[in-house]
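# Structure at a glance
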Amino acid sequence: MMNLRMRKRIAAGLATACLAGGAVFSAYASGPAERYDPGDNPIYRKGWIDFNKNGRKDVYEDPKADLDDRIEDLLSQMTLEEKTCQLVTLYGYKRVLQDSLPTPGWKDQLWKDGLGAIDEHLNGFVQWGGPLLDCDLVWPASRHAWAINETQRFFVEETRLGIPVDMTNEGIRGVEAYRATNFPSQLGMGHTWNRELLRKTGYIVGREARLLGYTNIYAPVLDVGRDQRWGRYEEVFGESPYLVAELGVAMASGMQTDYQIASTAKHFAAYSNNKGAREGMSRVDPQMPPREVENIHLMPFREVIRRAGILGVMSSYNDYDGVPIQGSRYWLTERLRDEMGFRGYVVSDSGSVEYLHNKHHTAVNQLDAVRQSIEAGLNVRCNFWHPETYVMPLRQLLREGLITEELLDSRVRDVLRVKFLVGLFDRPYQTDLAAADREVDGPQHNEVALQASRESIVLLKNENRTLPLDAGRIRRIAVLGPNADARGFALGHYGPLAVEVTSVLDGLKKNLGSRCEIVYEKGCELVDAAWPLSEIFREEMTPEEKAGIQRAAEAASESDVAVVVLGGSSRTCGENCSRSSLDLPGRQEELLRAVEATGKPTVLVLINGRPNSVNWADAHVDAIVEAWYPGAHGGQAVYEVLFGEYNPGGKLTVTFPRHVGQIPFNFPYKPAANTDGGLTPGPDGNQTRINGALYDFGYGLSYTTFEYADLRIEPQTIRQDEPFTVSFDVTNTGERDGDEVVQLYIGDEQSS
């Protein structure tokens, strides 16, 4: 099957300084300057930079010279030490690097000969679950850009050839920085089905990254969702390879507008269908036939490489058919470069090189793992280890003749090409500091983020037109549940870390004001004390749990309507957070049942990173709104949907199984692949399993109705490889403006 779509709105009738001792360069001025000036160093000439400090314009220093000529000229001047340093990443301040700014000691470090990349430098993230970086260089944006410039200045001015470093960072829902424009999770963005919105989002991510000083962002994620238990389901656009490809092309194209940055897509290849959804130290071991790998998992990479020309690909740490991707020339060279035409550089996912030895056991030691990786096609090793742990074995391999300098040159050439393309040899610094303060997390970008939050929301149920709510008829509204006042869904790794987040409760209070009374009760924690063991050993609720649910039920009984906000968080979903159940975790369903039993209209709002099997809710509550992780503006968008200021038009890009035992259960699928058994339950029946999805791929309701008519196909007879046009009329037949995702599904009458 292939699904095509379009979306159209149709009208109806910090305080602590972190300077390391003895900074090499001048201190930051008392107030942020409008523009960055590296000073009066004579290497900065009119229209070019004398990177190698020899007093003349070499070919690689000439902005007007041919790209390949510049690369070859620079490569010819590099020593083995300088070449090997281009093939490694150094994690930034407080990760591996111990200095926030360059110090005299850097002249004695490995990177005196340069570096390929510095990753996540001064982005505010330190460690999973830990506090943010307490440092006055992370914000405001102009100060952050100045600090990145000063770090870059070491490599330009203090290394022999002045090769700039690629400043890399994460950015799947906005740039990972102390502050930046905060978008919904990539799963939420997928539910917009909106190419143009993804292009705008990508542009903003790239623009803000470059304004902050970064030149390469690890996004988009091109993994295709197949197993709803998987922890990283929140990071996929959806289950359809076509949809993932289309949105991936849009986002990557926006990111790389005018080569403002490099887009590094991840994770290549066959990464997102782990055996049993296992992660962490699992080898992953996906159980997929080659045809599924080709048609489902590789298709988005082929399209994004061909149409968006991405400059980066992250190699994954899984194996396929017993062969680790990281050590496979077949995957990283023959398929990625020779067949797909990739021309950028490959960076390893953190730990994937080392996993060849300590997880997959296909390398006898670290030296062998390094050899396998560079021979396979890896350009830059990324890990939370000192870069010497890769560079020194690499140099040993060269000394012992186990790899050739010709191979080394090939890998370095790819890295240099990306650095030239993003302008690092022409504009190594972000000089417009005023623009950084004006645009990063600025009002115009946040308008786009709010629209993304709106379009990501899917209306799953609306019995008897419970929604939209009428504020004029509500005296009191009960806002209940562990996610009602949650904000963490918009924060954390891989995106902005410290922006102001509007919770659902915030959004209702801000917009309803004094028009009606709002009462809030948490009701229960997101998970209980024994979770996840409580999913297989259900125990009686504690007195405290019973009391919390009772307070919530009482609040509902004394109100005109109850909005119950449930779902997940980083505790239940995310990297290394796969589940063995799809039910609402903890005591959430008990809370929902108690509220519904009051007889008051009950609206369930889900904030989560994967589909949940909300069977009881679908059968009993009045309305269900799926908001995914809706970003910093999520509470505002949810309010607008609940009270009819925005008509939800999102459609599902994933399948909601009724039970975890139905997995694998996803779209697309072969004819009859999702057909179930008997249909008659009970002692005398023939049904032995739960049939059908709770909600199918492509499903989603609206506050209005649409009529499709006059389907036309031209030409009537379609020959192989011949283009054709499908057209039809879509009319809004309801009373509200509406947003419709038009979906066309095509299937072979006879399978080949």
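Residues numbered from 1 in each chain as written. Predicted model: local features only at pLDDT ≥ 70, side-chain atom pairs only at ≥ 80, totals over all residues. Heavy atoms only, no water.

## Quick look at the sheet that holds strand 12 (residues 345–348)
Using the following cut-off: Following DSSP output, two strands are said to pair if at least two bridges run between them. Each helix corresponds to a stretch of at least 4 residues labelled H or I by DSSP, and each strand to a stretch of at least 2 residues labelled E; elements are numbered beginning at the N terminus. An axis is simply a line fitted to the C-alpha atoms; with a helix, the fit covers only the stretch in contact. Between two such axes, the angle follows the N-to-C directions and lies from 0 to 180 degrees.
Read from one edge to the other, the open sheet built from 7 strands follows the order 4-5-6-7-8-9-12, with strand pairing classed as parallel. Since the sheet does not close on itself, it has two edges, and those belong to strand 4 (89–91) and strand 12, each with one partner. Strand-to-strand, the axes of this sheet are offset by a mean angle of 30°, without reference to chain direction. Two elements, strand 8 (residues 262–268) and strand 9 (residues 312–315), share 3 bridges in a ladder whose sense is parallel. If you follow Thr264 over to strand 9, its bridge partner there is Gly312.

## A short note on helix 3 (residues 141–158)
What counts, and what does not: Expected helix span is taken as 1.5 Å per residue step, with the number of steps being one fewer than the number of residues. Only protein chains enter the accessibility calculation, which uses a 1.4 Å probe. A residue is then buried if its area is under 20% of the maximum for its type, exposed if over 50%, and partly exposed in between.
Its 18 residues give helix 3 an end-to-end C-alpha distance of 25 Å, which sits within 8% of 26 Å, the value for a rise of 1.5 Å per residue. The element helix 3 is largely enclosed, with a buried count of 17 among its 18 residues.

## Some words on the nonpolar core
Buried together is how nonpolar side chains tend to be arranged in soluble globular proteins. Applied cut-off: Residue types Ala, Val, Leu, Ile, Met, Phe, Trp, Tyr and Cys, when buried and joined through side-chain atoms within 4.5 Å, form a set referred to as a nonpolar core. The contact rule is simple, with two residues in contact once any of their heavy atoms fall within 4.5 Å.
Residues Leu74, Trp111, Val175, Ile217, Phe268, Tyr390 and Leu416 are the most contacted members of the largest nonpolar core, which totals 140 residues. Sequence-distant contacts of Val175, defined by excluding residues within four places in its chain, comprise Asn169, Glu170, Ala180, Val205, Glu208, Ala209, Leu212, Tyr214, Ile217, Gly495 and Pro496. Residues Val501, Leu505, Ala627 and Phe643 belong to the second largest nonpolar core, which totals 40 residues.

## With respect to empty space enclosed by the protein
Spelled out, the test is: In this analysis, the protein atoms alone were mapped onto a 1 Å grid. Cavities are point sets where a 1.4 Å probe fits without being able to get out; pockets are open sets with protein on both sides within 12 Å along at least five of seven lines; lining residues have an atom within 4 Å of a point. Grid points are joined across faces, edges and corners, and a volume is the space filled by probe spheres set on the points. Classification convention: Asp, Glu, Lys, Arg as charged; Ala, Val, Leu, Ile, Met, Phe, Trp, Tyr, Cys, Pro as nonpolar; all other residues, Gly among them, as polar.
The volume enclosed by the largest cavity comes to roughly 60 Å³. Ranked by the residues each element gives to the lining of the largest cavity, the list is headed by helix 3, at 3 residues. When grouped by side-chain class, the residues that make up the lining of the largest cavity number 5 nonpolar, 5 polar and 2 charged.

## What to know about the confidence of the model for the chain
Test applied: Confidence of the predictor in every single residue is expressed as pLDDT, which spans 0 to 100.
When pLDDT is averaged along the chain, the result is 94, and 96% of the positions lie at 70 or above. In this model residues 13–17 is a low-confidence stretch, pLDDT under 50, and it forms 10 contacts with partners more than four residues away in sequence or in other chains. Counting contacts from residues 20–31, a segment whose pLDDT is below 50, to residues more than four positions away or on other chains yields 26 contacts.

## Observations regarding the state of the cysteines
The following threshold applies: Only a pair of cysteine sulfur atoms within 2.5 Å qualifies as a disulfide here.
Under the counting rule described, the total for this entry stands at 0 disulfides. No disulfide involves Cys577; its sulfur sits 7.3 Å from that of Cys573, the nearest cysteine.

## What to know about the pairing of strand 13 (residues 458–462)
Within strand 13, 5 of the 5 residues are buried, which leaves the element mostly enclosed by the surrounding structure. With 4 bridges joining them, strand 13 and strand 18 (residues 623–626) adopt antiparallel strand pairing. Opposite Asn462, over in strand 18, you have Ala623 as the bridge partner.

## Observations regarding the sheet that holds strand 13
Strand order across the open sheet formed by 6 strands is 13-18-17-16-14-15, with mixed pairing between neighbours. Two strands bound the open sheet, and with one partner strand each, they are strand 13 and strand 15 (517–521). Neighbouring strand axes in the sheet, compared pairwise and without regard to direction, differ in orientation by 15° on average. With 4 bridges connecting them, strand 14 (residues 476–480) and strand 16 (residues 561–567) associate as parallel partners. Residue pairing for strand 16: Ile477 is matched across the bridge by Val561.

## Here we look at the side chain of Ser352
The line we're drawing: Distance and chemistry together define a polar contact, namely a pair of N or O atoms within 3.5 Å, with one atom able to donate a hydrogen and the other to accept it when in protein, and with adjacent residues in sequence counting only for side-chain atoms on both sides.
Mapped onto the elements, Ser352 comes out in helix 9 (residues 352–358). Taking relative accessible area as the criterion, Ser352 reaches 1% and is therefore assigned buried. Among the polar contacts made by the side chain of Ser352, one reaches the main-chain carbonyl oxygen of Asp349 at a distance of 2.9 Å. If sequence neighbours within four positions are ignored, Ser352 has contacts with Ser315, Ser316, Tyr317 and Gln326.

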